[in-house]
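The lines below spell out each chain.
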Amino acid sequence: MIRAVVGANWGDEGKGKLTDVFAAESDIVVRFQGGNNAGHTIINEYGKFALHMLPSGVFYGHTVNIIGNGVALNIDALVKELNAIVEKGVPMPKILVSDRAQIVMSYHILFDKLEEERLGKAQFGSTKSGIAPFYSDKYAKIGFQISELFDEQWLSDKLERVLAQKNTLLVHLYNHQPLIKEDILAELIHYRSVIAPYVTDTFKYFQEAFDDNKRILLEGQLGALRDPDFGIYPYSTSSSTLALYGPIGAGLPRHIDETWAVTKAYSSCVGAGPFVSEIFDDTAHQLRIRGGDAGEYGATTGRPRRMGWFDAVATRYGCQVQGATHLVLTNLDVLGYLDKIPVCVAYETDGKRREHFPNITRLEHSVPILEYVDGWNCDISHIRNYDELPENCKKYVDRLEELVGVKIALVSNGPKREQIMTRK
Ligand code: GDP
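Residues numbered from 1 in each chain as written. Predicted model: local features only at pLDDT ≥ 70, side-chain atom pairs only at ≥ 80, totals over all residues. Heavy atoms only, no water.

**What about the overall build of the protein?**
Then comes step 1: Tallying secondary structure elements over the protein gives 12 helices and 21 strands in all.
Then comes step 2: In terms of C-alpha radius of gyration, the protein reaches 22 Å, essentially the compact-globule figure of 22 Å for 424 residues.
Then comes step 3: Judged by the C-alpha coordinates and their principal axes, the protein covers about 70 × 50 × 35 Å.
Then comes step 4: Each of the 424 residues in the protein was classed as buried or not, and the buried ones make up 59%.
Then comes step 5: Pairs at least 24 residues apart make up 75% of the contacts formed inside the protein by residues separated by at least 6 positions.
Then comes step 6: Positive and negative side-chain charges of the protein, numbering 46 and 54 respectively, have mean locations separated by a distance of 1 Å. (Helix = DSSP H or I, 4+ residues; strand = E, 2+ residues; numbered from the N terminus. Rg over C-alpha atoms; globule rule 2.2 N^0.38 Å. Buried < 20%, exposed > 50% of the residue type's maximum accessible area, 1.4 Å probe, protein only. Contact = heavy atoms within 4.5 Å. Lys, Arg positive; Asp, Glu negative; His and termini not counted. Charge placed at Lys NZ, Arg CZ, Asp CG, Glu CD.)

**A short note on the sheet that holds strand 20 (residues 408-412)**
Then comes step 1: Within the open sheet, the 10 strands sit side by side as 9-7-5-2-10-1-11-16-20-21. Their pairing is mixed. In this open sheet, the two strands that pair with only one neighbour each are strand 9 (199-200) and strand 21 (420-422).
Then comes step 2: Across four bridges, the pairing between strand 2 (residues 28-31) and strand 10 (residues 216-223) is parallel. When the bridges of strand 10 are listed, Val-30 appears paired with Leu-218. (Pairing = 2+ DSSP bridges.)

**Some thoughts on the site of the ligand**
Then comes step 1: Taken together, 21 residues surround the ligand, and among them Gly-16, His-40, Thr-41, Asp-293 and Ser-412 come closest.
Then comes step 2: Contacts to the ligand include Arg-305, whose side-chain N or O atom sits 3.0 Å from an oxygen atom.
Then comes step 3: Surface burial for the ligand is 97%, taken as the share of its 580 Å² of free accessible area covered by protein chains.
Then comes step 4: Those elements that provide at least two residues to the shell around the ligand are helix 1 (15-23) and strand 3 (40-44).
Then comes step 5: In terms of residue count, helix 1 provides more of the shell around the ligand than any other element does, three residues in total.
Then comes step 6: A per-class count over the shell around the ligand returns three nonpolar, 11 polar and seven charged.
Then comes step 7: Two domains each provide a minimum of three residues to the shell around the ligand, namely domain 1 (2-100 + 199-260) and domain 3 (262-422). (Near = heavy atom within 4 Å. Polar contact = N/O pair within 3.5 Å; in protein donor to acceptor, adjacent residues only side chain to side chain. Areas by Shrake-Rupley, 256 points an atom, 1.4 Å probe, with all protein chains shown as cover. Nonpolar A, V, L, I, M, F, W, Y, C, P; charged D, E, K, R; others polar. Domains from an automatic or database assignment.)

**Side note on the layout of surface pockets**
Then comes step 1: Reported here for the largest pocket is a volume of approximately 970 Å³.
Then comes step 2: As for the largest pocket, its lining consists of 43 residues, of which Ser-126, Ala-132, Ser-236, Thr-237 and Ser-238 are closest to the centre.
Then comes step 3: Elements with a minimum of two residues in the lining of the largest pocket: helix 3 (106-119), helix 4 (131-139) and helix 5 (152-173).
Then comes step 4: Grouping the constituent residues of the lining of the largest pocket by class yields 20 nonpolar, 14 polar and nine charged.
Then comes step 5: Quantified by volume, the second largest pocket comes out at close to 500 Å³.
Then comes step 6: Lining the second largest pocket are 32 residues, and of these Gly-14, Thr-41, Gly-292, Asp-293 and Arg-305 sit closest to its centre. (1 Å grid on protein atoms, 1.4 Å probe; cavity = no way out; pocket = protein on both sides within 12 Å on 5 of 7 lines; lining within 4 Å. Points joined across faces, edges and corners; volume = space filled by probe spheres on them.)

**Thoughts on the packing of helix 3 against helix 5**
Helix-helix packing: each pair is described by the crossing angle between the helix axes and the interaxial distance.
Then comes step 1: Two elements in contact, helix 3 and helix 5, have axes separated by 12 Å at closest approach and are oriented at 30°. Here helix 3 lies roughly parallel to helix 5, going by the angle between them. Relative to helix 5, the crossing made by helix 3 is left-handed. Mapping the contact onto sequence places Tyr-107, Leu-110, Phe-111, Leu-114 and Arg-118 in helix 3 and Val-162, Lys-166, Leu-169, Leu-170 and Leu-173 in helix 5.
Then comes step 2: Looking at the contact of helix 3 with helix 5, its residues break down into eight nonpolar, no polar and two charged. (Axes fitted to C-alpha atoms, helices over the stretch in contact; angles between N-to-C directions. Parallel < 35°, antiparallel > 145°, perpendicular 65-115°, else oblique. Left-handed = near helix turned anticlockwise from the far one by under 90°.)

Below, the structure written as C-alpha cells:
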C-alpha cells in the first residue's frame, strides 16, 4: 500500500505533522525530491524538531526511513540532523540512502549564492542551499551520484570535465577564484566515508518491500504551486513536488493508493512570486503571530511568511495537479479570532472573473474576489471530536470543501500529534 502526503499550495501546509501522524502506521517513509531547502516542523514527545533532510518517520522505532534517488542529498546536513535528534533522546533511526541519489556539493551552494547576488533585486528568493545548481547539474549530466563515490579513478576523470565548466563560469561570470581539483576530490571522499553505512540499492529494496505488503509513505516537500511544470514557474522549485513524481523519486514505480493533499485553513507562502490572496500590514501581522506553532516564520529560513486568506482557486488547482484523493485542513484553530473570515473564491484578471488557476503572466495581474464566512470566535484547540466543533467552524470547513471539490477527511486544530480530527 502506497500513500503520499503532499502540499496543495506553496509549501508549509503542515505536511510534517501529518507525515509524523501517518508514520505511526507505516513501515517505510520516503523522501522523494528536494533537499534541505525546506523544512517540516514536528512536535512530539521528544520535543520540537525542524527536519530538513531526514524523512519524518525518524521518531518511530518501527519505520525504515529512505532518502530516495530523486532527492538532492546534502550529506553533511543529513548527518548533522541525525546527530541533533539523537542528542535530544530520539533512538537512532533506521536510515537507507539510495545509491542513485545525487550529492549537493559545496560549489552548488556557492553558485546559488553567487547567482542570487548577481541577480540583485530580480532574485528568486532562493534559500541558497544549492538546489537549483544541483538539479541543473543532474540533468546536464555533471552531477555526482552516490554510486560513483566508490570508484576513485572514475571520480577523478569526471571531475576534470565538471571543473572545466564550473571554473569558466566562476572566473568569467562571477569574478571568483577557480575551484581546485584536489579540494573537490577530498570533499567527495569525505562524503563517501560518511554516507557509506547507509548506502543501499533502494530500488531493489522496494521491490521486495512491495511484495511483502509493506505500508509505504511518500513524503513530499513544498507544494503543488512550486512544481516546475504546474507551479508558478519561474518562482518554482527545481524538482517535481507532485505525488505522481513520488514513485519515481522514491524508486518505486507503482500505483499510489492514496494521495493526501495538505492545505491550511488560510494561506501562507515563503519566497517570491504571485500570491493573489495575500494580505499585508496589521491584518497579515495578526494572522502571522497566531499561525503555526510559534507564528508563521519559515522552518528553514526563519523568514516571516507571507500571509493570505484561503485561496480556493489555487487550492482546487493544487489538489487537481496532485491527484488528491483526500484533503487535510490544518491550522483551523488559528482563525478563532476573526468575526468574519474572508475566503478567496475566484480571481479577477483584466476585468474577467476566473475560477481556474491561470498561467504566470495572468496570475501576476489577478486580484482576489472575496466572500465572507461567519467566524466562530473561540479557541477550538482542545477539541478532539469533530462533531464538537462550533457550528460556524464546521460551516467554514463545509464551504472550503465545496469550493475545492475534494473530501476534507482530517482537520488539524493544533501542532501536536493528538490535535487532529477525523471528519466523516
Ligand atoms: P510543512 O513543510 O508542510 O511540514 O509545514 P511547516 O512545518 O513548515 O509549517 C507548518 C507549521 O504549522 C508548523 O509550525 C507546525 O508545527 C504548525 N502546525 C501544523 N498543524 C497545525 C495546526 O493544526 N495548528 C497550528 N496552530 N499549527 C499547526
